[in-house]
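Chains, contacts and geometry: an overview
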Amino acid sequence: MAEAVSLKIRPGHADFLDLPWHQSVVDWDLERFLDLPKGISRHEVRFLAYEQGIYVVKELPTRAAQQDYRVLRALESCEVSTAIPVGIVEQRHHDPGAERSAALITRYVSHSFSCRELLQGPGFGNHRGRMLDAFAMLLVQLHLAGCFWGDCSLNNVLYRYDAEAIETIMIDAETALIRDELSRGQREEDLAIMEMNVAGDLADLAASQGAALDTVDFAMGGEISERYRRLWRELTDELTIGPDEHYKITERVNRLNELGFDVDEVDLLRTPGGGRLQMKVKVGGRSFHATRLRELTGIDALERQARMILSDLYYHQARHDTASATHKAVAAVRWRVGGFGPRLERLQAMPTITDPIQSYCDLLYHRYLKSAEQGRDIGTEAAFQSWLATGRPGPMIL
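Residues numbered from 1 in each chain as written. Predicted model: local features only at pLDDT ≥ 70, side-chain atom pairs only at ≥ 80, totals over all residues. Heavy atoms only, no water.

**A few points about the packing of helix 4 (residues 184-208) against helix 5 (residues 220-236)**
- Two elements in contact, helix 4 and helix 5, have axes whose closest approach is 8 Å; the angle formed by their N-to-C orientations is 150°. One finds that helix 4 runs roughly antiparallel with respect to helix 5. The handedness of the crossing between helix 4 and helix 5 comes out as right-handed. Every residue of helix 5 that contacts helix 4 at Arg-187, Glu-188, Leu-191, Met-194, Glu-195, Val-198 and Leu-202 is listed here: Met-220, Gly-221, Gly-222, Ile-224, Ser-225, Tyr-228, Arg-229 and Trp-232.
- Its residues assigned to classes, the contact of helix 4 with helix 5 comprises 8 nonpolar, 3 polar and 4 charged. (Axes fitted to C-alpha atoms, helices over the stretch in contact; angles between N-to-C directions. Helix = DSSP H or I, 4+ residues; strand = E, 2+ residues; numbered from the N terminus. Parallel < 35°, antiparallel > 145°, perpendicular 65-115°, else oblique. Left-handed = near helix turned anticlockwise from the far one by under 90°. Contact = heavy atoms within 4.5 Å. Nonpolar A, V, L, I, M, F, W, Y, C, P; charged D, E, K, R; others polar.)

**Notes on the state of the cysteines**
- For the structure shown, the criterion picks out 0 disulfides.
- With no disulfide of its own, Cys-78 has Cys-147 as its nearest cysteine by sulfur position, at a separation of 9.1 Å.
- Since its relative accessible area comes to 35%, Cys-78 is described here as partly exposed. (Disulfide = S-S within 2.5 Å. Buried < 20%, exposed > 50% of the residue type's maximum accessible area, 1.4 Å probe, protein only.)

**Observations regarding unusual backbone geometry**
- You will see that Phe-16, though not glycine, has its phi angle at about 60°, which is positive.
- Take Phe-16: it is sitting in the loop between strand 1 (6-9) and strand 2 (33-34).
- The phi dihedral of Glu-79 is positive, around 60°, even though this residue is not glycine.
- One can find Glu-79 in the loop between helix 1 (62-77) and strand 5 (85-90).

**Focus: helix 10 (residues 356-374)**
- Across its 19 residues, helix 10 extends 27 Å between first and last C-alpha, which sits within 8% of the 27 Å expected from 1.5 Å per residue.
- Taken from the residues just after helix 10, Gly-375 is the one with a positive phi, measuring 70°. (Expected span 1.5 Å × (residues − 1).)

**Here we look at the pairing of strand 4 (residues 53-60)**
- Counting buried positions along strand 4 gives 7 out of 8 residues, so the element sits mostly inside the fold.
- The sheet contact formed by strand 3 (residues 45-50) and strand 4 spans 6 bridges and is antiparallel. If you follow Ala-49 over to strand 4, its bridge partner there is Ile-54.
- With 6 bridges joining them, strand 4 and strand 6 (residues 102-107) adopt antiparallel strand pairing. Each residue of the ladder has a partner; that of Val-57, found in strand 6, is Ile-105. (Pairing = 2+ DSSP bridges.)

**Brief notes about the sheet that holds strand 6**
- Spatial strand order, 1-5-6-4-3-2: 6 strands in an open sheet with antiparallel pairing. Two strands bound the open sheet, and with one partner strand each, they are strand 1 and strand 2.
- Contacts between helix 1 and the sheet are confined to strand 1, strand 4, strand 5 and strand 6, with strand 5 contributing the most and set at about 160° to the helix.

**Digging into the pattern of salt bridges**
- Taken as a whole and judged by the stated rule, the model has 21 salt bridges.
- The shortest N-O distance in the salt bridge between Asp-18 and Arg-32 comes to 2.8 Å. Of this pair, Asp-18 sits in the loop between strand 1 and strand 2 while Arg-32 is found in the loop between strand 1 and strand 2, placing the two residues 14 residues apart along the sequence.
- By relative accessible area, which is 41% here, Asp-18 ends up partly exposed.
- Note that Glu-44 is salt-bridged to Arg-46, the shortest N-O span being 3.1 Å.
- Given a relative accessible area of 18%, Arg-46 falls into the buried group. (Salt bridge = Lys/Arg side-chain N within 4 Å of Asp/Glu carboxyl O.)

**What about the packing of aromatic side chains?**
- This model, assessed by the stated rule, comprises 13 aromatic pairs.
- For the ring pair Phe-47 and Tyr-108, a centre distance of 5.8 Å and an interplane angle of 85° mean the geometry is edge-to-face. Taken together, the residues span a long stretch of sequence, with Phe-47 in strand 3 and Tyr-108 in the loop between strand 6 and helix 2 (115-119) at a distance of 61 residues.
- Taking relative accessible area as the criterion, Phe-47 reaches 8% and is therefore assigned buried.
- With a centroid separation of 6.1 Å and an interplanar angle of 75°, the aromatic rings of Tyr-50 and Tyr-55 are classed as edge-to-face. Here Tyr-50 matches Tyr-55 in class, with each residue buried.
- Taking NZ or CZ as reference, Arg-32 lies 3.8 Å from the ring centre of Tyr-50, over its face. (Phe/Tyr/Trp six-rings, centres within 6.5 Å; stacked < 30°, edge-to-face > 60°. Lys NZ or Arg CZ within 6 Å of the ring centre and 35° of its normal.)

**Points about helix 5**
- Compared with the 24 Å implied by 1.5 Å per residue over 17 residues, the 24 Å span of helix 5 between its first and last C-alpha is a close match.
- Considered for burial, the residues of helix 5 that qualify are Met-220, Gly-221, Ile-224, Ser-225, Tyr-228, Leu-231, Trp-232 and Leu-235. For helix 5, the angular spread of the buried residues around the axis is 135°, confining them to a single face.
- The inward-facing, buried residues of helix 5 contact helix 3 (128-144), helix 4, helix 6 (247-258) and strand 13 (277-283). (Arc of directions from axis to C-beta.)

Encoded structure:
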C-alpha cells in the first residue's frame, strides 16, 4: 500500500490494510470479492467479505467521498435509514478530482434488494403502494433531520422487507447537505428533483427492456410527493386543543408512536384569551417499537418488524388474562422465554432461512390469516406447522 494513502476507519471493523488502495478497484483481483446483486451506480462498487462482516467499497472523487461520509455519519446519529458508514480512504491519487482518488466504505445492508431487481421480476404489483409509502417516509425522515438530498432517485436507495411493509435505505449522500432546518421551498425543491429522477429511472428501465414509453408509470413521483405531504402534515401540524380536550394530547402522541416515531418534546402554548392550547410536537427517530422490543428481548429489529412482534406479546397477554401490571410483566417474561425465544431459535437453526426476524413476522401474519379463515384462534404452534407445510409464505422479491 502506498504510504501517501490515508485511511480513517471506525472502531469495531476490519482495518482494510490488506487492500491495494493505490490501484483502482476495477483492477483489484481479490479472494475477498463477493458477487452480489447491485443496482445502477455512477461509481464503481465492490463487495468484500471479512470476518467482521460484508462491506461495500465505493470509489469516487475525494470531495464527493468526504461529503458522502460526513452526511451518512450525521444521519446515523439521527436514526435515519441509511447505509452505515465505516470509513473513508483518501490520497489514493495525486489528483483529488480523479474518480479513483478516494473510496467510501459502508456496511453491506443485509436482506436488501435494488429497485431494478424488483422491476426486472414481476414488477411492483401489490408492492406499489408500500414502495410509495416507504419512499415518502424516508424523505420525511431526511427532511426532519435537516437533510436536503438533492438527488433522490430509485437507484440511490435500497429496499428490504419490514414485516408487512417495505423500508427504503439511503445509500448515496454525496449530493446531500445538512442544515439546522429546511424551509418549505427547500423541501419542495427536493421533491421536484425526486419526481424528475424517478421518471427518468423508470424511462431508462423501460428502454432497457424494450418497452414503450407509454407503459412507464410516470405518475409514481407525484404520488410519492402527495404521500410525503400528508405524512409531513401529520407529523408537524400544530393542534388546537379546547378546555375539555386534553385527551387529544395523548391521542396525538399515541398516533405518532403508532407510526414508529419517538416524541422528544411536546410544547403547549395558551392561545390569546387563554381558553385553548396550541400543541406542537417535536418528533425524534423512528424507533419507538424497535427500542421497546430491544428493552424486552435484546433483539434488534426493524421498526415495523418490532411493532408486529410486540403485537404477538399483546396477543399472548390477552390469552392469559393479564389484568394487572404485575400479571402483564409476568406474561411478558413467559412469552419471551416460552414462546418468542424458542421459536426464533428454531427459525435461526433452519439453514434455508436467511432473515429469522422477518420469517417470524411472516409466521405471525400467517397465523392471522389462518385464524380469520377458520373463524377461531388457531394458536401459534398450529400456525407454525401450517406455515412450514405451505412453504413458509412471505413477501417475495422475484
